Amino acid sequence: MSTPVIKANNLTKIYKLFAEEIYAVNNIDLEIRCGEFVSLMGPSGSGKTTLLDLMGCLDSVSCGRLEVLGNEVSCARENDLVKYRRGIISFIFQEFLLIPSLTALENVELSLHFSRMTKERKHSLEIMERVGLGHRINHLPKQLSGGERQRVAIARALAVSPQLLLADEPTGNLDTKSAQEIFSIFKKLNEEDGLTIIVATHNPKLGLQASRTIFLQDGKIISKEKSSLFLEMI
Amino acid sequence: MKSIAIAFKNLQRKKIRSFLTVGGVGVAVAVLVSLMGFDEGYQRGLRSDIDKMGFQVLITAKGCPYEAATLMLKGGGGLRYMDQEVYSKIINDPRVAAITPQLVHTVYDPDKNNGQGGLALYMGIHRSFLDLKPWIKFKSGNWFSQDDAEEVIMGYEAAEFEQRSIGDKIFIPGIEKILTVAGIFERTGTQDDGLIFLPLVTAQNIFGLPDQLTGIGIKLKEISQIAGFEEDLYDEPGIQVISMAEVRGTIFNLISSAKVMTNSIAIIAIFVAVIGVVNTILMSVFERTKEIGVMKAIGASRFDIFRIIWIETTLICVWGGIMGNLFAIIAARLVEHMLRGILPYAPSGHLVVITGGLLLSSFMGAIIMGLVAGIYPALRASSMRPIEAIRRGE
């Protein structure tokens, strides 16, 4: 039995909107094991992004317990959470979120710099080659296509050799062909390197390519029956 | 990828804004360096002028000591007169190493100041004048042929200005007297350069002031004897004794209030520059909220973000410091020219003296300014929570 990378018990995230409390993630129990490729699916506002943010140590937990690699992070302070974001968990965003003033290669080097990793240049070049962008290293993000930008974002995430890769709608801004290419990279990373990947997506064609799919609605994980209905609807 | 490279690239994104902020710091530093340089130059010049007068003590007719101090700097005496008998009494004092009597007189010259008219200053001197100022050399000619010769010796600038050479005739308006140029002094860098000297006896005769003096310059054998010397002459009627140390102190006191004013201007300029820098960096931080969130999401700690923003601010101030120093060096002579036009009395020599120490301290000051100005924007940026920053920036 492999180690759980993520273990959540009664995980809850509440946002306050004036006097109203909104349960973005509501009492979720979840376990994701090492080497799994999991997709999170559900309609807009179902809590996919919030759940990813919590698992990525980007946001604080309101109630419940969350463990990353066996360490409880639900009560951790910001300074402690940085350690998880630095080389253990990597994040890929829908809007790529590259630093516009830095070249593709520098964007990759940046994550290595923050993770206090040496040999930034050599390692970054290798990763850029691996995502098929060895010829675009000196281009600024604005000089790259959407698919290329997302591949730079993947390279940035992979550069620190994370144990968990989280991707929030990574194909949301891409055409079908580019989206499939990105997903193929994820599958390859999972199958060949054994990297644990959790992807939030709207796209059932892509989402169902994962080894496990979790369906969310109103901040809760829904049953397989309900999820079949959901899939039929979209 | 180093923090300094990230900070540098960030500043390059808004070139005009960065340049203007650097310019603001540069102007503040230039103002500071120029004002401090002026302070240094003025004090040096004044000290040099006083030291080059050659005497430690000046005896003048009783009057306002401030007026006497000012007049001394403009030519070595006041326009109040004392009896020459005083000179005869002091000359035999064993504490005196050298002593020289002087008679200064002004004459209205209608041709002065390009025909607008003005006062011409003449100084009657004795041969002992050169004992107190041994550095004075003749560019051409010699000392007066006799003690009552109708001759003049011209200061370097006075001769240059009037295009005079040895043997030329000088006409003194009002008195209708013609004197011959017997000698021209080398440049001394003091007020003596602009004066016309004549024998003391001749001056007393042609200006109708027989046995009258305006000042007696004295150099003592021991500087420690000044206080006792002054004390002994205290009871002498109609005269006052002014030591050069007193004069220097008096003038420095007078200019110290002006110094407070100039320092205040420099502080205001720096304060405005600091606000400008804080404003620019804060604006930049707010514009990059999302990026800061992303940096935190990919592993940047609070300190990483703080350092990047702090470096940005410091870089602005470092460039501003360099620019300000260069600007101050280049504009120093222009500032000096302007100040000479404004100031009622400006000592000889460079009025704005920019030393290496001043440049270094102003540069260090600019760096400190950057470090201080960067604290608040850097704290704001570093305290952002990653996911909030990413969402707020959308």
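Residues numbered from 1 in each chain as written. Chains lettered and ligands numbered in written order. Predicted model: local features only at pLDDT ≥ 70, side-chain atom pairs only at ≥ 80, totals over all residues.

Caption draft 1: Fine view of the interface of chain A and chain B. Between chain A and chain B, the contact holds 23 residues from the first and 16 residues from the second. Elements with a contribution of two residues or more to the side of chain A that touches chain B: helix H2 (78–85) and helix H3 (104–114) of chain A. If one sorts the elements of the side of chain A that touches chain B by residue count, H3 of chain A sits on top with 6 residues. For the side of chain A that touches chain B, the residue count by class is 9 nonpolar, 5 polar and 9 charged. (Contact = placed C-beta atoms within 7 Å. Helix = DSSP H or I, 4+ residues; strand = E, 2+ residues; numbered from the N terminus. Nonpolar A, V, L, I, M, F, W, Y, C, P; charged D, E, K, R; others polar.)

Caption draft 2: Broad picture of the sheet that holds strand S7 (residues 164–168) of chain A. Residue and element names in this part refer to chain A. Taking strand neighbours across the sheet as the criterion, the 6 strands line up as S6-S7-S8-S3-S9-S10 in an open arrangement whose pairing is mixed. Of all the strands in the sheet, just strand S6 (89–92) and strand S10 (220–221) have a single pairing partner and so form its edges. Pairing geometry for S7 and strand S8 (residues 196–201), over 5 bridges, is parallel. The residue of S8 that forms the bridge with Leu-164 is Thr-196. Helix-sheet contacts for helix H6 (residues 176–193) involve strand S3 (37–41) and S8, and the interaxial angle to S8 is about 155°. (Pairing = 2+ DSSP bridges. Axes fitted to C-alpha atoms, helices over the stretch in contact; angles between N-to-C directions.)

Caption draft 3: Broad picture of the pairing of strand S2 (residues 20–33) of chain A. Residues and elements named next belong to chain A. Sheet analysis places strand S1 (residues 4–17) next to S2, joined by 10 bridges and oriented antiparallel. Pairing of Ile-14 across the sheet is with Tyr-23, part of S2. Hairpin geometry of S1 and S2 is characterised by an intervening segment of 2 residues between the two adjacent antiparallel strands and by a positive phi of about 55° at Phe-18.

Caption draft 4: Representation of helix H9 (residues 244–287) of chain B within the structure. Residue and element names in this part refer to chain B. Here H9 is 44 residues long and its end C-alpha atoms lie 62 Å apart, about the 64 Å a rise of 1.5 Å per residue gives. At Ser-256, H9 shows its largest bend, some 30°. What H9 keeps buried is the set Met-244, Val-247, Ile-251, Ala-266, Ala-269, Ala-273, Gly-276, Val-277, Thr-280, Ile-281, Ser-284 and Val-285. (Expected span 1.5 Å × (residues − 1). Bend = angle between axes of the 7 residues up to and from the residue. Buried ≥ 20, exposed ≤ 12 C-beta atoms within 10 Å, placed from the backbone.)

Caption draft 5: Inspection of unusual backbone geometry at higher detail. A positive phi is found at Leu-69 of chain A, a non-glycine position, where the angle reads about 50°. In this structure, Leu-69 of chain A sits in the loop between strand S4 (63–68) and strand S5 (71–72). A residue is classified by how many C-beta atoms lie within 10 Å of it, and Leu-69 of chain A, with 17 of them, is partly exposed. Backbone geometry at Glu-176 of chain B places phi at a positive 55°, although glycine is not the residue there. Residue placement: Glu-176 of chain B occurs in the loop between strand S7 (169–172) and strand S8 (177–185). In this structure Glu-176 of chain B comes out as exposed when scored by C-beta crowding, with 8 C-beta atoms within 10 Å.

Caption draft 6: Layout of the domain arrangement of chain B. Segmenting chain B into domains produces domain 1 (3–49 + 256–392) and domain 2 (63–237). Centre-to-centre separation of domain 1 of chain B and domain 2 of chain B, based on C-alpha positions: 50 Å. (Domains from an automatic or database assignment.)

Caption draft 7: Molecular detail of the packing of helix H2 (residues 15–51) of chain B against H9 of chain B. The N-to-C vectors of H2 of chain B and H9 of chain B enclose an angle of 175°; their axes lie 9 Å apart at closest approach. Viewed along their axes, H2 of chain B and H9 of chain B adopt a mutual orientation that is roughly antiparallel. (Parallel < 35°, antiparallel > 145°, perpendicular 65-115°, else oblique.)

Caption draft 8: Expanded view of helix H5 (residues 146–159) of chain A. Residues and elements named next belong to chain A. The end-to-end C-alpha distance of H5 is 20 Å, a good match for the 20 Å that 14 residues give at a rise of 1.5 Å each. Buried within H5 we find Gly-147, Arg-149, Gln-150, Arg-151, Val-152, Ala-153, Ile-154, Ala-155, Arg-156, Ala-157, Leu-158 and Ala-159. Once H5 finishes, Ser-161 follows within two positions and takes phi at roughly 50°, a positive value.

Caption draft 9: Focus on the sheet that holds S2 of chain A. Residue and element names in this part refer to chain A. With antiparallel pairing, 4 strands are arranged side by side in an open sheet as S2-S1-S4-S5. The sheet is open, and its two edges are formed by S2 and S5, each paired on a single side. Contacting S1, S2 and S4, helix H1 (residues 48–55) runs over the sheet at an angle of about 60° to S2.

Caption draft 10: A look at the packing of H5 of chain A against H6 of chain A. Residues and elements named next belong to chain A. Direction vectors running N to C along H5 and H6 enclose 15°, while the axes themselves pass 10 Å from each other. By the angle between their axes, H5 is roughly parallel relative to H6. As for the relative orientation of H5 and H6, their crossing is right-handed in sense. Contact with H5, carried on its side by Gly-146, Gly-147, Gln-150 and Ile-154, involves Ser-178, Glu-181, Ile-182 and Ile-185 of H6 and no other residues of that element. Looking at the contact of H5 with H6 residue by residue, the class counts come to 3 nonpolar, 4 polar and 1 charged. (Left-handed = near helix turned anticlockwise from the far one by under 90°.)

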